[in-house]
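Each chain, letter by letter, is given below.
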Amino acid sequence: MSTAFTKPAGPDFALPPAVSLLPQRPPVAPRPAPGPSKPTEVQEDFSKSKQPNQVLVTTFYTSIEPWLRPIKEEDIGFLQYTGDEVEPFIMPKLGRHYSQVWEEEDTAMYGGPLPGTAASRANAHPGPPGALPKWEPSTLGDTDLLTEERGHGPLTERVVSALIPMQDATEWKGVKAAEEAMEGRPGTNGAAAAAARDKLNVADLEDRMRNVMRFHGLLDEIPDYSEAVDDPIATALRHAQRELRTVLATNKARRARLAAIAEDRLAYQEYVDGRDALDKNITTLYSKLQKKDGPKANKKKKQKGDALHGSANGTIGGTASLPPCPAALGLNPDEHNQLHVPEQLQELVRTRRNWVDVIGGVFEEKEREHPGRIWGFPQESIYAGIEDEIQENLARLPQTRPMASSSLTAAANGRVDGADTRTTKGKGRAGDEMELG
C-alpha cells in the first residue's frame, strides 16, 4: 500500500478556520403568491366559515403610522448620533492574577499561604514575571513543540513570529552563502565556538537579540515584558473589537447617506407645507370674495302675485331675472365688462407661482439627478459604492495605542502586516492609563 497520500502522523499545526462573531444574515424571503383578482378564481367554500373578528381601523392606522409618518428632526438627530464610537474600544489595564492576590491576602491574614492552595499556585506561577528560563536552545527538540514548557524570551519569540517564508530559492542560497562565509571568521568555528554555543542559554540569546537589534537601529528602547497585558478573554475581546470596528464604520457610512436623504426629504416636506399654506390663503380669500358677491336668499317667500306682476311688466326671459355666474363671483367687471381680479388675490397667486418655480425647481432637479431621493422609492440601492467611505471611517476610528515609536513596535506588539502574531509566552507591559483596543 502506497503511503504517498496518507495523512502524516503527528499534531496538526494548521490555523483554525476564522469564525465570525456576527450572526448570519437571514435569506431573502420568497415573494408571496398573488391572490385571486376575480370572483371566478376563488375555488374555496367560505359559506360555512365563521366570520372573524373585525380589527378596528384605528388599530390598523396606529400600526402603520411609524412607517408612513413624515420625517422629523429627531430622526435626523438619531442618524447623526456618533457618541458611542470610543467607549466600546476602551480596554482596562490587565491586573494581576486572582490567585496571586488571594495568596497575598492569605499571607497577610495567616502569615503564609494556605496548605491546600500553595502547590496549585506554585504551578500556576512558577517564577517571577520577568524571569527567563535557563535552558539551552540547542537542546530544543520536536517533542517540545507539543507543549509550552520551553520557550524563548518575549522579544525573540516576536522576532521569530515576524519572519516571512522565502518564496525565491535564490534568496535562500544567498543566506546559506553568507553563513558559509561566516564560518571562516575567527571565533566562529572550532572548540571555542562550540563551547560558546554550549554555554548560550535563553537569557543570553534574548540579550544578544536585543543588543543586535539596537545596534542596527531596529529598536529604539528596550521593551518591558515583565507584566502581561493579554489573556484569552482579552484576546477574544480584541477580536470582537476588530469586527465591531468594521460594523461601526459600515453603519456610520450608511447612516450618513440616510441622513443626507432624510434632510432633503425634510426640506421637501417644509416646501410642501409652505405651498399648502399659500393654497389655503388663496382659497380662503377667494371664498370670502365669492360670499360677498353671492345672491342673498330672502327670509320670506315671494308670493305668486309678485311673479305674475313681474311677468306682466315683461321681465320674464330678460337678463335681470338670471342669477350671476358662479365663476364671476368675487371678480367684479370693469368698465369694459371684463372680470377684474383683486390685487390681493393676484399677489397671492404670483407668490405661489414663484414659490413653485424657484423652490420647487430645486427639488425637481435633484429628483431628476437621483430618482427616489426626494419622493418615491430609489431605482437602485442607496448604498452602492460605499466601500471607499467605509475604509475612510475605519481609518478615523480609534486604533490600538502604540507603545513605542520604533519601526519594530508593530512586531514587538505582535502585529505583522496587520495580522496578530501574539503568543501566550511573552507579553507586553501595560501602562497605567486605559488602552484603546
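Reference entry: report on the structure contained in this document.

Cut-offs applied
- Residues numbered from 1 in each chain as written.
- Predicted model: local features only at pLDDT ≥ 70, side-chain atom pairs only at ≥ 80, totals over all residues.
- Heavy atoms only, no water.
- Phe/Tyr/Trp six-rings, centres within 6.5 Å; stacked < 30°, edge-to-face > 60°.
- Helix = DSSP H or I, 4+ residues; strand = E, 2+ residues; numbered from the N terminus.
- Buried < 20%, exposed > 50% of the residue type's maximum accessible area, 1.4 Å probe, protein only.
- Axes fitted to C-alpha atoms, helices over the stretch in contact; angles between N-to-C directions.
- Parallel < 35°, antiparallel > 145°, perpendicular 65-115°, else oblique.
- Left-handed = near helix turned anticlockwise from the far one by under 90°.
- Contact = heavy atoms within 4.5 Å.
- Nonpolar A, V, L, I, M, F, W, Y, C, P; charged D, E, K, R; others polar.
- Expected span 1.5 Å × (residues − 1).
- Arc of directions from axis to C-beta.
- Polar contact = N/O pair within 3.5 Å; in protein donor to acceptor, adjacent residues only side chain to side chain.
- Core = buried A, V, L, I, M, F, W, Y, C linked by side-chain atoms within 4.5 Å.

## A closer look at the packing of aromatic side chains
Argument step 1. By the definition in use, this model includes seven aromatic pairs.
Argument step 2. Measuring from centroid to centroid gives 5.8 Å for Tyr268 and Tyr271, while their planes differ by 40 degrees, and the two rings are tilted. On the criterion of helical spacing, the pair formed by Tyr268 and Tyr271 is a turn pair, its members being three residues apart in helix 9 (residues 232–293).
Argument step 3. For Tyr271, a relative accessible area of 5% corresponds to the buried category.

## Some details on the packing of helix 9 against helix 12 (residues 387–396)
Argument step 1. Here helix 9 crosses helix 12 at 125 degrees, and the two axes come no closer than 8 Å. Considering their axes alone, helix 9 and helix 12 lie oblique with respect to each other. Crossing angle aside, the handedness with which helix 9 passes helix 12 is right-handed. Contact with helix 9, carried on its side by Arg245, Thr246, Ala249, Thr250, Lys252, Ala253 and Arg257, involves Glu389, Ile390, Asn393 and Leu394 of helix 12 and no other residues of that element.
Argument step 2. Residue classes in the contact of helix 9 with helix 12 are distributed as four nonpolar, three polar and four charged.

## Observations concerning helix 8 (residues 202–215)
Argument step 1. Taking 1.5 Å per residue, 14 residues should reach 20 Å; helix 8 reaches 20 Å between its end C-alpha atoms and fits that length.
Argument step 2. Of all the positions in helix 8, only Val202, Ala203, Leu205, Glu206, Arg210 and Met213 are classed as buried. For helix 8, the buried positions fall inside an angular range of 165 degrees around the axis, keeping them on one side. Exposed side chains of helix 8 directed beyond 90 degrees from the buried face belong to Arg208 and Phe215.
Argument step 3. Between the side-chain oxygen at the start of helix 8 and the backbone nitrogen of Ala203 there is a gap of 3.3 Å, and the oxygen is on Asn201.
Argument step 4. In the segment just after helix 8, Gly217 is the residue with positive phi, at about 80 degrees.

## Quick notes on the nonpolar core
Argument step 1. One finds Phe89, Leu248, Ala249, Ala253, Ile386, Ile390, Leu394 and Leu397 forming the largest nonpolar core, which totals eight residues.
Argument step 2. Of all the secondary-structure elements, those providing two or more residues to this core are helix 9 and helix 12.
Argument step 3. At three residues, helix 9 tops the list of elements feeding residues into this core.
Argument step 4. Setting aside anything within four residues of it in sequence, one finds Ile386 in contact with Ala253, Arg254 and Arg257.
Argument step 5. Counting six residues, the second-largest nonpolar core is a separate cluster that includes Tyr268, Val356, Phe363 and Ile374.

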